[in-house]
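Structural description and commentary
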Amino acid sequence: MRFPKDFLWGVSTSSYQIEGGAPGDGRGRSIWDTYCATPGRVAQGDTGEVACDHYHRYPEDLDLLRNLGATVYRFSIMWPRVIPDGIGRLNPQGLDFYDRIVDGLLERGLRAWPCLYHWDLPQALQDRGGWANRDIASWFAEYTALIAKRLGDRVDNWVTFNEPSVSAWVGYEEGRHAPGLTDPRAAIRAAHHLNLAHGRAVAVLRDLTPKAGIGTVIPIHKARPLPQFQERDGHLAALFEDKWNGVFLDPIYHGRYPASVAEKFAEHVHPGDLKEIHRPIDFLGVNHYFPSYIQAEENGAWPFKHANPPLYFRRTEMNWAIDGHAFYEALMLVRKHWGNPPVYVTENGGAFIDVAGPQGRVDDQDRIAYYREYLIGLQRAISEGADVRGFMPWSLLDNFEWALGYGKRFGLVHVDYRTQKRTPKASYGFMREVIATNALPGV
């Protein structure tokens, strides 16, 4: 089965995970710099100070994109690289870097899809409360205006946020990501302010780049109770989905918070907020990796928690279950609940043990099998009416995997972190064939 005629193929990366270039050329500190510097937070004490050194090696990486056959590149802009303190003084070298990225893409016939926020908040703004401070919605709008004025003449699609749910729930409630807080009330405020910042950014982008498409990226979860606790925990699935999906999509598409969580948000919603958030967008970016199993939680901020998947699943090195049917379910959930918007899959992939052979070659057949299974699920969703228009795997390069450091590899291209040598893996060749034929090989 072939993909639709105009299906868009690309890849995704994020700034802190690949750029490095710290603290050179005037970039400010981010919350991830602080998190990495806190003992015990990140595996092996790893940091993103060098990462893949994309800041200096970007021409080679853009060539890898072109040779893959990709037509679009979703990358993120590091807020403290362009405005070191988040507001106020600009960093010309940082702005110049993203000019070079966009120009380099266009020179290679590729389209730039900048993401304005992928988790690396300026530490100076976190010192003022971060996403829990309502003022941040205005700060983000000012930052958005700066970037739109600088790059808008060469960008035809914008992403406001990558996974605001992770920023709020994992960063402010669970503490497993920067800024590392465990404050459920602050997480609720952060979630609302992320939504409000999105709405204001949409307004800025519409004004300054009226011909550009605008979207946001959400990791879609279709919840499942563990089979042995189906009767006990089945009723929790809808609330789990409301927390992870609905809190960020219902205000955009329906102008309200889900009824199950509305009371939690009520004190933070000012008159006019929901109208600002409810501005139309042109597409939804969907990230998806694994089925979401849950179980009851008695003493937590919510009556559920993530559960380890049943043992009958194959797993990635993240201990994430491999299930292409869950991908199909997630895409159909979007079709059912949010009006079947145009969808681009902006992240999907797996971390596996990559053993480099001669010349650094990695024969990652397990990753290829993962992609094949998930792309079959994607094709099924399209055949049943889901308006999916593109696929951007995670990720082009092995990179800094947040609190797990450099121990987990997702890339289509192997990176030797000691020498920074890039070597395309077997999965790179597989994806290149998929893109060239617009179809799954052998299917």
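My aim in this report is to walk through the structure given alongside it, one point at a time. All values derive from a computational prediction rather than experimental measurement. Per-chain numbering applies: the sequence of each chain, read as written, is numbered from 1 onward. In view of the model being predicted, local features appear only for residues whose pLDDT reaches at least 70, and side-chain atom pairs are presented and counted only at 80 or more, with totals across whole chains, interfaces and linings using the full set of residues. The side-chain quantities take in all heavy atoms of the structure and omit both hydrogens and water.

This paragraph deals with the sheet that holds strand 2 (residues 72–76). Reading around the circumference, 1-2-3-4-5-7-10-11 is the order of the eight strands in this closed barrel, with parallel pairing throughout. Strand-to-strand twist of the sheet, defined as the mean angle between neighbouring strand axes without regard to direction, takes the value 30°. Should any heavy atoms of two residues lie within 4.5 Å, those residues are considered in contact. Fitting a line to C-alpha atoms yields each axis, with helices limited to the stretch in contact; the angle taken between N-to-C directions then spans 0 to 180 degrees. For helices the rule is a DSSP run of H or I covering at least 4 residues; for strands it is a run of E covering at least 2, with both sets numbered from the N terminus onward. Packed onto the sheet, helix 14 (residues 324–337) meets strand 7 (283–287), strand 10 (343–347) and strand 11 (388–391) and runs at close to 135° relative to strand 10. Strands pair, by our definition, only if DSSP identifies at least two bridges between them.

Another point: the pairing of strand 2. Of all five residues in strand 2, five are buried, a share of seventy percent or more. Direction of pairing for strand 1 (residues 8–12) relative to strand 2: parallel, over a ladder of three bridges. Of the residues in strand 2, the one forming a bridge with S12 is R74. Two elements, strand 2 and strand 3 (residues 111–117), share five bridges in a ladder whose sense is parallel. Paired with V72 across the strands is R111, a residue of strand 3. Note on classification: 1.4 Å probe, protein chains only; a residue is buried when its accessible area is under 20% of the maximum for its type, exposed when over 50%, partly exposed between these limits.

Below, the discussion takes up the packing of aromatic side chains. Aromatic rings from Phe, Tyr and Trp, taking only the six-membered ring of Trp, are treated as a pair when their centres fall within 6.5 Å; an angle between ring planes under 30 degrees marks them as stacked, one over 60 as edge-to-face, and anything in between as tilted. If you walk through the whole model with that rule in mind, you get 47 aromatic pairs. Geometrically, the ring pair formed by W131 and F161 is edge-to-face, given 5.5 Å between the ring centres and 70° between the ring planes. Highlighted residues: W131 in the loop between helix 6 (123–126) and helix 7 (136–151) and F161 in strand 4 (residues 157–162), separated in sequence by 30 residues. Take W131 and F161: they sit in the same class, and that class is buried. Residues F327 and Y374 carry aromatic rings whose centres are separated by 5.7 Å and whose planes lie at 35° to one another, so their mutual orientation is tilted. Placement of the pair is F327 in helix 14 and Y374 in helix 15 (residues 365–383), with a sequence separation of 47 residues. The same class applies to F327 as to Y374, namely buried. Feature note: the residues F3, F7, W9, F327, F352, Y370, Y371, Y374 and F391 constitute an aromatic cluster, connected by ring pairs. Positioned above the aromatic ring of F97, the side-chain terminus of R81 is 5.7 Å from the ring centre. Criterion for a charge above a ring: Arg CZ or Lys NZ at most 6 Å from the ring centre, at most 35 degrees from the ring normal. Over the aromatic face of Y328 sits the side chain of R380, whose NZ or CZ is 3.8 Å from the ring centroid.

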